[in-house]
Amino acid sequence: QVQLVESGGGLVQAGGSLRLSCAASGRTFSRYAMGWFRQAPGKEREVVASISWSEGRPRYSDSVKGRFTISRDHAANTVYLQMNSLKPEDTAVYYCASAQHYSGTYSYTYDYDYWGQGTQVTVSS
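Residues numbered from 1 in each chain as written. Predicted model: local features only at pLDDT ≥ 70, side-chain atom pairs only at ≥ 80, totals over all residues. Heavy atoms only, no water.

Draft legend 1. Geometry of the packing of aromatic side chains. Under the criterion given, the structure shown has 5 aromatic pairs. Between the aromatic rings of F37 and Y112, the centroid separation amounts to 5.2 Å while the plane-to-plane angle is 85°, which identifies the pairing as edge-to-face. Here Y112 lies in the loop between β9 (92–99) and β10 (114–115) and F37 lies in strand β4 (residues 33–39), a separation of 75 residues in the sequence. Of the two residues, F37 and Y112, both sit in the buried class. (Phe/Tyr/Trp six-rings, centres within 6.5 Å; stacked < 30°, edge-to-face > 60°. Helix = DSSP H or I, 4+ residues; strand = E, 2+ residues; numbered from the N terminus. Buried < 20%, exposed > 50% of the residue type's maximum accessible area, 1.4 Å probe, protein only.)

In structure tokens form, the structure reads like this:
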């Protein structure tokens, strides 16, 4: 089992920044990648960014490319999402997820095995 705990969400004005953290514990040694997803009311959960755990190779959705940065700290078993130039359309519950098996792009919810409880990000206009 893997436990994931997110933190860092909140309310911010458009153009502002937030940094999300996700600390992992438990069976973490077989991790392949971690990702950040978000889900706005009435919408499906969508990938925001992912990072391969060993190489640290990041991927981003087109909607956040150039504004968000995903990173990981091996020693702390933590993944981060730095969000800059936030827009009202970024408002959602943000979830981190851990993939314990190999997948191609880690872009879909089914690529991941464990999920955090989510943290609310609200961007006011």
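Draft legend 2. Quick look at the sheet that holds strand β3 (residues 18–26). Spatially, 4 strands are ordered β1-β3-β8-β7 in an open sheet, and the strand pairing comes out antiparallel. The open sheet has two edge strands, β1 (2–7) and β7 (68–73), and neither has a second partner. Taking each pair of neighbouring strands and ignoring which way they run, the sheet shows an average axis angle of 15°. (Pairing = 2+ DSSP bridges. Axes fitted to C-alpha atoms, helices over the stretch in contact; angles between N-to-C directions.)

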